[in-house]
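Single-letter residue listing:
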Amino acid sequence: MRARRFAQATGTLAKTDRIDAGVLARMAATFQPDVRPIKSPELAGLAELMNGRDGLVRDRTALKNREKNLLLPLLKRQVKARLEQIARHINAIDIQAQALIAADLALARKREIIASIKGLGPITAAQLIATMPELGSLENKQAAALAGLAPITRQSGQWAGKAPIHAGRANVRRSLYMPTLVAARFNLDIKAKYFHLISIGKLAKVAITAVMRKLIVMANALLKANRLWKESMA
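Residues numbered from 1 in each chain as written. Predicted model: local features only at pLDDT ≥ 70, side-chain atom pairs only at ≥ 80, totals over all residues. Heavy atoms only, no water.

**Notes on the pattern of salt bridges**
Oppositely charged side chains can form a pair if their charged atoms are brought close together.
Part 1 of the reasoning: Tallying each qualifying case throughout the model produces 5 salt bridges.
Part 2 of the reasoning: Among the salt bridges present, the one from Asp-94 reaches Arg-53, with a minimum N-O distance of 2.6 Å. Residue Asp-94 is located in helix 4 (residues 73-102), and its partner Arg-53 is located in helix 3 (residues 41-67); the two are separated by 41 residues in the primary sequence.
Part 3 of the reasoning: The buried category is assigned to Asp-94, whose relative accessible area is 11%.
Part 4 of the reasoning: By relative accessible area, Arg-53 is classed as buried at 12%.
Part 5 of the reasoning: Here Glu-112 makes a salt bridge to Arg-109, at a shortest N to O gap of 2.8 Å. Here Arg-109 and Glu-112 lie together in helix 5 (residues 105-115), a separation of 3 residues that amounts to about one turn.
Part 6 of the reasoning: A relative accessible area of 29% places Arg-109 in the partly exposed class. (Salt bridge = Lys/Arg side-chain N within 4 Å of Asp/Glu carboxyl O. Helix = DSSP H or I, 4+ residues; strand = E, 2+ residues; numbered from the N terminus. Buried < 20%, exposed > 50% of the residue type's maximum accessible area, 1.4 Å probe, protein only.)

Following this line, the structure appears as structure tokens:
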């Protein structure tokens with residue numbers, strides 16, 4: 001997407017393999033982006049498992065929404081059977097993902113650190129490792145921006161608009177949403193952050209986003225320091 005927008009900004013509207021190669025070369029020379037390491041086979045396998053899991057979760061949500069409006073017993077039975085099948089498939093993926101992580105010392109340590117944060121668990125840790133493998137090698141602001149959780153300033157002259165989050169990795173935000181709700185109830189540090197924002201008039205959605213940002217920054221800092229989370233450190 002960034003490459004396409006760069007091409008449009010430079011007036012390059014045509015699209016062929018040769019033109020695309022030239023655009024990418026010019027973009028690299030202009031912005032000099034960081035070189036991303038090639039994913040290991042283990043990490044690539046984990047990412048594939050998590051992508052499959054995401055698809056099953058979306059199917060489950062769609063079926064549950066459909067189930068509410070069903071009247072015929074036959075269709076209700078079919079939906080129930082499919083939901084049971086999806087649950088088995090998700091469980092199988094989770095088992096294989098955890099086994100894959102356990103077999104790799106580096107991935108296992110990452111999981112241990114992320115899952116040590118109260119509110120996050122082994123499944124969320126696996127999702128974050130797969131969808132944001134850069135965690136632990138970024139500055140905190142970079143981590144928040146990459147996850148699409150950093151507010152984007154909008155200002156022109158005397159006018160200042162709201163600073164919404166934008167772009168980033170939607171799959172990271174999806175994997176963090178439910179764990180964030182849990183953390184806002186049971187993690188004392190996160191709970192204090194959430195209710196402070198609510199007390200000063202922030203909308204619940206804004207407060208949840210801020211807490212998600214705090215969690216991703218926390219995970220990044222812990223991985224960088226190679227240490228487990230403690231309640232008093234946040």
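Don't stop here, the text continues.
**A look at the nonpolar core**
Part 1 of the reasoning: Leu-46, Met-50, Ile-117, Met-132, Leu-176 and Ile-216 are the most contacted members of the largest nonpolar core, which totals 52 residues.
Part 2 of the reasoning: Of all the secondary structure elements, the ones that give two or more residues to this core are helix 3, helix 4, helix 5, helix 6 (122-131), helix 8 (170-186), helix 9 (188-199) and helix 10 (204-225).
Part 3 of the reasoning: Per-element accounting of this core gives the leading share, 11 residues, to helix 10.
Part 4 of the reasoning: Discounting residues that sit within four places of it in the chain, Met-50 has contacts with Ile-93, Ala-97, Ala-126, Gln-127 and Ala-130. (Core = buried A, V, L, I, M, F, W, Y, C linked by side-chain atoms within 4.5 Å. Contact = heavy atoms within 4.5 Å.)

**Topic: the packing of helix 3 against helix 6**
Part 1 of the reasoning: At a closest axis distance of 9 Å, the pairing of helix 3 and helix 6 adopts a crossing angle of 115 degrees. Between helix 3 and helix 6 the crossing geometry is left-handed. Here helix 3 contributes Leu-43, Leu-46, Ala-47, Met-50, Arg-53 and Asp-54 to the contact with helix 6, which in turn contributes Ile-123, Ala-126, Gln-127, Ile-129 and Ala-130.
Part 2 of the reasoning: Per-class residue counts for the contact of helix 3 with helix 6 are 8 nonpolar, 1 polar and 2 charged. (Axes fitted to C-alpha atoms, helices over the stretch in contact; angles between N-to-C directions. Left-handed = near helix turned anticlockwise from the far one by under 90°. Nonpolar A, V, L, I, M, F, W, Y, C, P; charged D, E, K, R; others polar.)

**A few points about the environment of Gly-148**
Part 1 of the reasoning: For Gly-148, the location among the structural elements is in the loop between helix 7 (140-146) and strand 1 (155-156).
Part 2 of the reasoning: Distance in space between the C-alpha atoms of Gly-148 and Thr-209 is 9.9 Å, their sequence separation being 61 residues.

**Here's the deal with the confidence of the model for the chain**
In low-pLDDT regions, the fine details of the predicted coordinates are not to be read closely.
Part 1 of the reasoning: For the chain, the average pLDDT comes to 85, and 81% of its residues sit at 70 or higher.
Part 2 of the reasoning: Mean pLDDT across the secondary structure elements of the chain bottoms out at strand 2 (residues 159-160), with 39, and peaks at helix 4, with 97.
Part 3 of the reasoning: The low-confidence segment residues 153-161, where pLDDT is below 50, has 7 contacts with residues more than four positions distant or belonging to other chains. (pLDDT = per-residue confidence, 0-100.)

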